[in-house]
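Residues per chain are reported as follows:
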Amino acid sequence: MIAYTRLAFCLFLIAGVLLYSHSHVCASSADVPYYPLAKGYSWKYQVYVSGRRTSSTVEWRVTSADNTKDGVVFQVWQFPSQSDDEAMNLHVSKEGIEEISTGTVILKYPSVTGDRWATTKPTHRVFRVISAGHPCHVGKITSEDCISVEDQDEALKFRTVTTYAKGIGPIKYMYFKKGSASDIPTQTVELISAHLAPK
């Protein structure tokens, strides 16, 4: 009887440790194939603006991962930041990656070429998967499995094409003015390096 009680107590302790470990992991990281998120992750980009000879660099960092009633919310800040910059608050829902502030799903998974979805709050935006499961590369960064998503924002009159690489995250952004006769992007943002070691 004593041996049984000790065994049951040990199993209880093990179960408690496993539950704690699981909740700790969930609070700091999210296993999303095309947009891995965890506190401490960062992506450094080269920014090219049409008509300018010089480029600049920008870095996005996951600065926090907080448990909320809706799940884990990852706060992503741009560095260097401007006075009017705001953090992206990203939540991993059953549908995909969601912007908490607007409730907009920016990347659905699983995704196949041709998938579409839309949002009307706060503005009307239409998303379309241009390609899925195909190779992509930016500079020296390559991936055999990528998703490219088009985002048409009616209010801003802008069209954005974002390419996500599996296991890396967003590797390229292209911004186009809607209604422009030119198909040349007004701005292109390309990944230089990624730091994907959680803190």
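Enquirer: So what exactly am I meant to see when it comes to the pairing of strand β9 (residues 116-119) here?
Expert: Two faces, one strand: in a regular strand the side chains alternate between the faces of the sheet. Residues W117 and T119 line the buried face of β9, whereas the alternating positions R116 and A118 sit on a face that is not buried. Pairing between β9 and strand β10 (residues 125-138): 4 bridges, direction antiparallel. Each bridged residue has a counterpart across the sheet, and for W117 the counterpart in β10 is F127. Following β9, the chain reverses through 5 residues before pairing antiparallel with β10.

Enquirer: Would you explain the pairing of strand β12 (residues 158-165) in this entry?
Expert: Where burial is concerned, most of β12 is hidden: 7 out of the 8 residues are buried. Two elements, strand β11 (residues 141-153) and β12, share 8 bridges in a ladder whose sense is antiparallel. Within the sheet, the bridge partner assigned to I147 lies in β12 and is Y164. Turn length for the β11-β12 hairpin, with the two strands adjacent in sequence and antiparallel, is 4 residues, and the turn residue K157 shows positive phi of about 60°. In this structure, β12 lies alongside strand β13 (residues 169-177), joined through 8 bridges in antiparallel fashion.

Enquirer: Before we go on, may I ask you to explain the side chain of E150 in this structure?
Expert: With respect to the helices and strands, the residue E150 is situated in strand β11. A polar atom in the side chain of E150 sits 3.2 Å from the side chain of Q152. Discounting chain neighbours no more than four positions away, the residues touching E150 are V126, F127, R128, I130, R159, T160 and V161.

Enquirer: What should I look at first to understand the sheet that holds strand β14 (residues 187-195) in this one?
Expert: Strands belonging to one sheet form pairs held by backbone hydrogen bonds; the direction of such a pair is parallel or antiparallel. Taken in spatial order, the 12 strands make up an open sheet running β8-β7-β6-β5-β4-β3-β14-β13-β12-β11-β10-β9, and their pairing is antiparallel. A strand with exactly one partner marks an edge of an open sheet, and here the two such strands are β8 (104-108) and β9. With strand direction ignored, the average angle separating the axes of adjacent strands in the sheet is 25°. Taken together, the 4 bridges between strand β5 (residues 71-79) and strand β6 (residues 88-92) define a ladder with antiparallel strand orientation. The residue of β6 that forms the bridge with V76 is M88.

The rules we used
Sequence order sets the numbering: in each chain, residues are counted from 1 along the sequence as written. A pLDDT threshold of at least 70 governs which residues receive local features in this predicted model, and a stricter bar of 80 or more applies before side-chain atom pairs are shown or counted, although totals over entire chains, interfaces and linings include all residues. Calculation of side-chain values draws on the structure's entire complement of heavy atoms; hydrogens and water are dropped beforehand. For the exposure calls, accessible area comes from a 1.4 Å probe over protein chains only, and a residue counts as buried if that area is under 20% of its type's maximum, exposed if over 50%, partly exposed in between. Numbered from the N terminus, helices here are DSSP runs of H or I no shorter than four residues, and strands are runs of E no shorter than two. At least two DSSP bridges between two strands are required for those strands to pair. Here a polar contact is recorded for every N or O atom pair within 3.5 Å, except that within protein the pair must consist of a potential hydrogen donor and a potential acceptor, and residues adjacent in sequence are included only if both atoms are side-chain atoms. Whether two residues are in contact is decided by their heavy atoms, any of which lying within 4.5 Å being enough. Axis definition: a line fitted to C-alpha atoms, over the contacting stretch in the case of helices. Angles run 0 to 180 degrees between N-to-C directions.

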